[in-house]
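Descriptive structure summary
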Amino acid sequence: MIAIARKIVRVRLGQPRYSGCAWQSVQASDPAPNLAESVLLTDAVTTHGARCLDGSPQRLWLQLASHPANASKWYFHFMGGAWCKSEEECIDRAYDPTKCYRGSSNVSCFNANGDKEPGVDFNQTMDFRDVPAINGARWGGGLLISDPTTNPLTHDWNKVEIVYCDGGSYSGNNETVGRVSFGGIDNRPLYYRGQRNLEAAIDYLATEHGMDAASHLVVSGDSAGGLATYWHADWFQTRLPKTKVIVAPDSGFFLGDQSKPAWPTSLAWIATAMNSTRGLDASCVSAAAAAHKSAATACTLPEDVAKHIEVPVFVMNSRFDPALISISTSKVDPNVVGLKVLDTVNRTVLAGRPNNAAFITSCHEHCGQWAQGQILEGHNDFNVTIDGWTAPFALDSWAAGVWAGQAPARTVWVQKHLYPCDDCCLGGN
């Protein structure tokens, strides 16, 4: 039996309440600036062949550690935003002015992006709250926030958000350049280079900011970035062998379910078309080859990859995640899906792996459950609390044990309420 420890969590400012279909602020506070610098990896186009779908350079957002004692500690976040699951979808993602933010680093795509909240145009220095598809804690995960009262672990570490512009969860390594048509213009380039973008990003951070000497690294990502976290978990440890690496994928545990065969088929298309073998878990790829299986089908679902991951894993997911339900299954009862999520996480992530952990909620939302007190138009985060713990404090407690070489005091947090549970998003236990 797992011993249950309790933690007193500070009262949140800006506590949201649920009203019909909207989240409303109750005494919302104005958080302190959380500024990051844009880094465009132009040299990596030549040195690594690193490019977004349209051929533009990879962009990062970087905030260096605010305290010298933590200059060797890093938080790396994969931006999410679905996938392109066919060449036609990838073309749209690269060149449609309303969609190209996730396929190009061009500033025009940034400024035209429909997810931009609260409507701030591109600047070389920006608040994490204002960067599209990051929006502070909503899509960027609570570990980008600089408030120690809600983010005790990484608030003053080096923080990196890699912009998602490849459509394949940062996995592509295809040397061939497609030639496509869009908007009446022929011979436009189409690149599948997500893995090269990631390698270029880490090489830049190592060369320019000393990441090679990192003592600790937390890797996370939301949605498609959460899937990327599973795929690349052990790659980070291989790339940074002296670093203590842990991963905390957010809302990326998309299931394989016979009721929705289109989902694994879509993943297989990504892995094949983008030549993603180098961007998948290496030990899973080796095991698949030994069993005469294709890595595109055997090493893309989190439940298949997780069994091979060697670095410690902290799963952050809702069992009633609406994106998971719509993408992974055709089942109409969320409670049935929720039970399968619990069973699959237990079998593939937790069983026989005492250093792994899970924070599984019953909040019917996708991402944004880190309880950071962030209130933004359309992009609030949610005050999910389990036995008095929020996810960042659970992660902090678990990581302390793992990094000390001790058994973590607690490794499993689960909200056990059935669907629907409105209070589960509001701190209800």
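Throughout what follows, the structure given in this document is the object of discussion.

Some words on the overall build of the protein
In terms of helices and strands, the protein carries 12 helices and 14 strands. The C-alpha radius of gyration computed for the protein amounts to 20 Å, which stays within 12% of the reference 22 Å derived for 429 residues, consistent with globular compactness. When the backbone C-alpha atoms are referred to their principal axes, the protein occupies close to 60 × 50 × 45 Å. Burial statistics for the protein: of 429 residues in total, 58% are counted as buried. Partitioning the contacts of the protein with sequence separation of at least 6, the portion at a separation of at least 24 is 74%. For the protein, the exposed area adds up to about 16400 Å²; of that, 53% sits on carbon and sulfur atoms. If you average the places of the 34 positive and of the 42 negative side-chain charges in the protein, the two averages end up 5 Å apart.

Some details on empty space enclosed by the protein
Which parts of space are left empty comes out when a probe the size of a water molecule is rolled across the atoms. Considering all chains together, one arrives at 1 cavity of 30 Å³ or more under this definition. Approximately 50 Å³ is the volume attributed to the largest cavity. Every residue lining the largest cavity is listed: Arg-59, Trp-61, Tyr-101, Ser-104, Ser-105, Asn-106, Phe-110 and Val-163. A breakdown of the residues in the lining of the largest cavity according to their chemical character gives 4 nonpolar, 3 polar and 1 charged.

Digging into the packing of helix H4 (residues 194-209) against helix H5 (residues 224-239)
Two numbers describe a pair of packed helices, the interaxial angle and the distance between the axes. H5 packs onto H4 with a crossing angle of 35° between their chain directions and a minimal axis gap of 12 Å. Crossing angle aside, the handedness with which H4 passes H5 is right-handed. Between H4, through Gln-195, Leu-198, Glu-199, Ile-202, Asp-203 and Ala-206, and H5, the contact on the second element is made entirely by His-232, Trp-235, Phe-236 and Arg-239. For the contact of H4 with H5, the per-class residue count stands at 5 nonpolar, 2 polar and 3 charged.

Concerning the environment of Asp-281
With respect to the helices, strands and loops of the structure, Asp-281 is situated in the loop between helix H6 (262-273) and helix H7 (282-290). Here the alpha-carbon distance between Asp-281 and Cys-165, two residues 116 residues apart in the chain, equals 21 Å. Excluding its chain neighbours within four sequence positions, the residues that come into contact with Asp-281 are Trp-231, Asp-234, Val-305, His-308 and Ile-309. Among the polar contacts made by the side chain of Asp-281, one reaches the side chain of Ser-283 at a distance of 2.7 Å.

What counts, and where the lines are drawn
Residues numbered from 1 in each chain as written. Predicted model: local features only at pLDDT ≥ 70, side-chain atom pairs only at ≥ 80, totals over all residues. Heavy atoms only, no water. Helix = DSSP H or I, 4+ residues; strand = E, 2+ residues; numbered from the N terminus. Rg over C-alpha atoms; globule rule 2.2 N^0.38 Å. Buried < 20%, exposed > 50% of the residue type's maximum accessible area, 1.4 Å probe, protein only. Contact = heavy atoms within 4.5 Å. Areas by Shrake-Rupley, 256 points an atom, 1.4 Å probe, with all protein chains shown as cover. Lys, Arg positive; Asp, Glu negative; His and termini not counted. Charge placed at Lys NZ, Arg CZ, Asp CG, Glu CD. 1 Å grid on protein atoms, 1.4 Å probe; cavity = no way out; pocket = protein on both sides within 12 Å on 5 of 7 lines; lining within 4 Å. Points joined across faces, edges and corners; volume = space filled by probe spheres on them. Nonpolar A, V, L, I, M, F, W, Y, C, P; charged D, E, K, R; others polar. Axes fitted to C-alpha atoms, helices over the stretch in contact; angles between N-to-C directions. Left-handed = near helix turned anticlockwise from the far one by under 90°. Polar contact = N/O pair within 3.5 Å; in protein donor to acceptor, adjacent residues only side chain to side chain.

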